[in-house]
Amino acid sequence: MSSSSAGNASFSQPPRDPNLAAVLSILPGIGQFYNGQSRKGLLFLGVTAINFFIFLLMATNIYIVSGLLSFGLALHMRPNSGLLTSLQALQLGSTLSFIILGLVLAFIIYAIRDAYDNAVFQQRRQIYPEYALEMPEAASSSYLLHLILLILFFVFAMFFLRQARPPAQITDIEFVTNQPLTKKIIHAEKR
């Protein structure tokens, strides 16, 4: 009996509009809050904040690189070339930036679909409480589609973000001039 009373208590929420939930979820997390999923909404807002920080880093990348170079020149130091190369690869218009923006867009689409699906489920559960089955997140087709998209973006990132091969061998040649003449012939073993 306690399970049916707990189930009826969850139906006390007013039905949510799926279209409004989807529109609110353009900023991921707001649609989840609208549906009454506060923990998921906080998680999505946190991911959105991280995505915004990464986009801000890509947008101001030119200023960061030039600031590091001028700071290094002012202190007569050479900045780390690996760091500068990584930062320059992150600027807008590069392959890495397109991959990151693709992941951000996939997350926004995922959040919109999640808010819409949950609002539809809440509406159906109020109309047909015995027949509305909640599909676990791991088996839902929209979740699986987004997981496949994330894996594909990761695989593409692995192919496009390879580092250049180091040179096979570096040979140093030293030219010495103005040496005194030697009278004795020197025989050296060849290596």
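### Details of the side chain of asparagine 51
Stage number 1. Relative to the assigned elements, asparagine 51 resides in helix H4 (residues 38-59).
Stage number 2. Judged by relative accessible area, which is 17%, asparagine 51 ranks as buried.
Stage number 3. Once residues within four sequence positions are removed from consideration, asparagine 51 is found in contact with Val104 and Phe107.

### Side note on helix H5 (residues 61-74)
Since the α-helix packs 3.6 residues into each turn, any two residues three or four apart lie on the same face.
Stage number 1. Counted at 1.5 Å a residue, the expected span for H5 with its 14 residues is 20 Å, and the 20 Å between its end C-alpha atoms agrees.
Stage number 2. For H5, the set of buried residues is Asn61, Val65 and Gly72. Buried positions in H5, seen along its axis, are confined to an arc of 35° and lie on one side of it. Every exposed residue of H5 that faces more than 90 degrees away from the buried side is listed here: Ile62, Tyr63, Phe71, Leu73 and Ala74.
Stage number 3. At its buried positions, H5 is contacted by H4 and helix H6 (81-89).

### Concerning the packing of aromatic side chains
Stage number 1. Counted according to the given criterion, the structure contains three aromatic pairs.
Stage number 2. Where phenylalanine 44 meets phenylalanine 107, the ring centres are 5.3 Å apart and the plane angle is 65°; that geometry is what we call edge-to-face. Placement of the pair is phenylalanine 44 in helix H4 and phenylalanine 107 in helix H7 (residues 95-127), with a sequence separation of 63 residues. Residue phenylalanine 44 shares its accessibility class with phenylalanine 107, and that shared class is buried.
Stage number 3. Look at phenylalanine 44 and tyrosine 110: their rings are 5.7 Å apart centre to centre, the planes differ by 50°, and that puts the pair in the tilted class. With a gap of 66 residues between them, phenylalanine 44 in helix H4 and tyrosine 110 in helix H7 connect regions that are remote in the sequence. Residue phenylalanine 44 shares its accessibility class with tyrosine 110, and that shared class is buried.
Stage number 4. Put simply, the rings of Phe44, Phe107 and Tyr110 pair up and form one aromatic cluster.
Stage number 5. Note that arginine 16 overlies the ring of tyrosine 34, its terminal NZ or CZ placed 5.4 Å from the centroid.

Each value, and the rule that gives it
- Per chain, residue numbering runs from 1 following the sequence as it is written.
- Owing to the predicted nature of the model, reporting of local features is limited to residues with pLDDT of at least 70; listing and counting of side-chain atom pairs is limited to 80 or more, with chain, interface and lining totals taken over all residues.
- The side-chain numbers reported here are obtained from all heavy atoms of the structure, hydrogens and water having been left aside.
- We count a stretch as a helix when DSSP gives it H or I for four or more residues in a row; a strand needs E for two or more, and each element gets its number in order from the N terminus.
- Only protein chains enter the calculation, and the probe is 1.4 Å; a residue is then buried if its accessible area is under 20% of its type maximum, exposed if over 50%, and partly exposed in between.
- Between two residues, a contact is recorded if the distance between any of their heavy atoms is within 4.5 Å.
- For a helix, the expected span equals 1.5 Å multiplied by the residue count minus one.
- By arc we mean the arc of the directions from the helix axis to the C-beta atoms, nothing more.
- Stacked, tilted and edge-to-face are the three classes applied to pairs of Phe, Tyr and Trp rings, where Trp contributes its six-membered ring and a pair requires centres within 6.5 Å; stacked means planes under 30 degrees apart, edge-to-face means over 60, and tilted covers the rest.
- Placement of a positive charge over a ring is assigned whenever Lys NZ or Arg CZ falls within 6 Å of the ring centre and within 35 degrees of the normal to the ring plane.

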